[in-house]
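# A structural walkthrough
Next come the chains, spelled out residue by residue.
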Amino acid sequence: MSEEWRLLQTGYAKAFTNMAVDKAILVSHSKGLVPPTVRFYGWVPPAISIGYFQSLVEEVDLEACQRYGVDCVRRITGGGAVFHDKELTYSIVIAESHPSIPKNILQSYGRICGAVMKGLEQLGINSEYAPINDIVTNGRKISGNAQTRKHQTVLQHGTVLMDVDVDTMFSLLKVPNEKIKDKLIADVKQRVTSIHHCLGKHIRFTQVADAMKRGFEEEFQIHLVEGGLTIEEQTFAEQFEKETFLTEKWNRKR
Amino acid sequence: MQSHSVYKVPQGKLLKINLEYDETTHRILHIRITGDFFAYPEEAMEHLEEQLKDTPLDRKELLLQISSLISQYHIEFIGLNAEALTQGILMCVL
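Residues numbered from 1 in each chain as written. Chains lettered and ligands numbered in written order. Predicted model: local features only at pLDDT ≥ 70, side-chain atom pairs only at ≥ 80, totals over all residues. Heavy atoms only, no water.

Below, the discussion takes up the overall build of chain B. Scanning chain B from terminus to terminus reveals three helices and five strands. Overall, chain B shows an N-to-C arrangement of helices and strands of β-β-β-β-α-α-β-α. Its C-alpha atoms give chain B a radius of gyration of 12 Å, within 12% of the compact-globule value 12 Å for 94 residues. The dimensions of chain B, computed from C-alpha atoms along their principal axes, are 35 × 25 × 20 Å. With 94 residues in all, chain B has 50% of them scored as buried. If you take every contact in chain B between residues at least 6 apart in sequence, the share linking residues at least 24 apart comes to 50%. Accessible area of chain B: about 4,600 Å², with a carbon and sulfur share of 50%. Considering chain B, the positive charge centre built from 8 side chains and the negative charge centre built from 14 side chains are found 6 Å apart. (Helix = DSSP H or I, 4+ residues; strand = E, 2+ residues; numbered from the N terminus. Rg over C-alpha atoms; globule rule 2.2 N^0.38 Å. Buried < 20%, exposed > 50% of the residue type's maximum accessible area, 1.4 Å probe, protein only. Contact = heavy atoms within 4.5 Å. Areas by Shrake-Rupley, 256 points an atom, 1.4 Å probe, with all protein chains shown as cover. Lys, Arg positive; Asp, Glu negative; His and termini not counted. Charge placed at Lys NZ, Arg CZ, Asp CG, Glu CD.)

Written out as structure tokens, the structure reads:
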């Protein structure tokens, strides 16, 4: 009989809540309170998340974000700035010591990305892992991923692009050189794709979630059982949201 | 003296350095390391920045100090390394 992990479908939420929930699951799992967990979620309103080491003011046009009603949050994971709009975001929380998780960080990215790739395959999209942290199809990025390890626990979260709006993304992010902005936008349009673009039709969030569920089950040879956040996790999440992710101190720390 | 550099690490990520240094002694007064790289544990970077204060802006000494801090704080970089960090810092003063 295959191992059972928990599946959380937390739907759409604000950026601050989303990041707080991922951290709450990480803390709960590290205390042995919950099983390995896979979570699917979306972002309302659309938001920009920046990597742990990025400078908020250097990466993001905060005035533009305010105009567009886009929230900004710093992640606990490294990596780059992401505009979260029409996408499914996944997270996985699992002990570093779990036999399915390679000790080597880069190899563990590859393993977890394998689940996303199998999910994409369910939708008829062939893709491959492009180290360090991307998944590409026909050479174009369809998923970006970021991992942290804390308290002997792995948290990896990542995007699966359902549709992409490069123009809006670039009106929200700062570019190092305004003179080459048009070229940069054209380049990124060539380098990024989405499920919509690949299949030529819109796929619903729930269909992507179903495909990803099967992808994780196949990759890790497990059974995902749908559940909810525990009371402790909800309490942690509320605390992290209020004390960290909503604060200027955290979001502007670099 | 304040300076800034942007360095694309070969086969790695984008590293940005904000550096304040003493022009007379050629030593670091304050450094902020940003970018889209990964470092484990993340919080160790703050110690590294703090401990780089007063380090001479000399390739050999910088590399030695950075390598020693990486080992002291058990930092694992992805998309960045000690050589690239040294290079990024030196680009602020070249």
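Let's pick the thread back up.
If you look at the biggest cluster of nonpolar residues, it comprises 53 residues, and the most contacted ones within it are B:Ile33, B:Leu85 and B:Ile89. Where this core is concerned, the elements lending two or more residues are helix H1 (15-30), strand E2 (37-43) and helix H9 (231-245) of chain A together with strand E2 (14-22), strand E3 (27-35), helix H1 (44-51), helix H2 (59-72) and helix H3 (82-91) of chain B. Ranked by residues supplied to this core, first place goes to H1(A) with nine residues. Those residues in contact with B:Leu85, other than ones at most four positions away along the chain, are B:Leu15, B:Ile17, B:Ile33, B:Leu48, B:Ile66, B:Phe77 and B:Leu80. (Core = buried A, V, L, I, M, F, W, Y, C linked by side-chain atoms within 4.5 Å.)

What follows covers the state of the cysteines. Each disulfide is one covalent bond, formed between the sulfur atoms of two cysteines. Residue and element names in this part refer to chain A. Under the criterion given, the structure shown has zero disulfides over all chains. Cys 65 carries a free sulfur, and the closest cysteine sulfur to it, the one in Cys 72, is 3.6 Å from it. For Cys 65, a relative accessible area of 1% gives the class buried. With no disulfide of its own, Cys 198 has Cys 113 as its nearest cysteine by sulfur position, at a separation of 16 Å. (Disulfide = S-S within 2.5 Å.)

To continue, consider the sheet that holds E3(B). Residue and element names in this part refer to chain B. Sheet architecture is open: three strands sit in the order E1-E2-E3, paired in antiparallel fashion. Either end of the sheet is taken by a strand with one partner, and the two such strands are strand E1 (2-8) and E3. Pairwise comparison of adjacent strand axes, ignoring direction, gives a mean angle of 20° for this sheet. For E1 and E2, the ladder comprises seven bridges, and the chain directions are antiparallel. By the bridge assignment for E2, Ser 3 is matched with Leu 19. (Pairing = 2+ DSSP bridges. Axes fitted to C-alpha atoms, helices over the stretch in contact; angles between N-to-C directions.)

Before going further, it helps to examine the interface of chain A and chain B. Chain A puts 24 residues into the contact, and the matching count from chain B is 22 residues. In this assembly, chain A packs against chain B so that about 1,800 Å² is buried in total across both faces, 52% of it on carbon and sulfur atoms. Here B:Glu46 makes a salt bridge to A:Lys253, at a shortest N to O gap of 3.4 Å. On inspection of chain A and its partner chain B, the count reaches 16 residue pairs in polar contact (both at pLDDT 80 or more). (Buried area = accessible area lost by both parts, 1.4 Å probe. Salt bridge = Lys/Arg side-chain N within 4 Å of Asp/Glu carboxyl O. Polar contact = N/O pair within 3.5 Å; in protein donor to acceptor, adjacent residues only side chain to side chain.)

All names here are of chain B. Spanning 14 residues, H2 covers 20 Å between terminal C-alpha atoms, matching the ideal 20 Å at 1.5 Å per step. In this fold, the buried residues of H2 make contact with E3, H1, strand E5 (76-78) and H3. Two or three places before Lys 60, at the start of H2, stands the capping residue Asp 58, its side-chain oxygen 3.2 Å from that residue's backbone nitrogen. Of the residues trailing H2, His 74 is marked for its positive phi of about 50°. (Expected span 1.5 Å × (residues − 1).)

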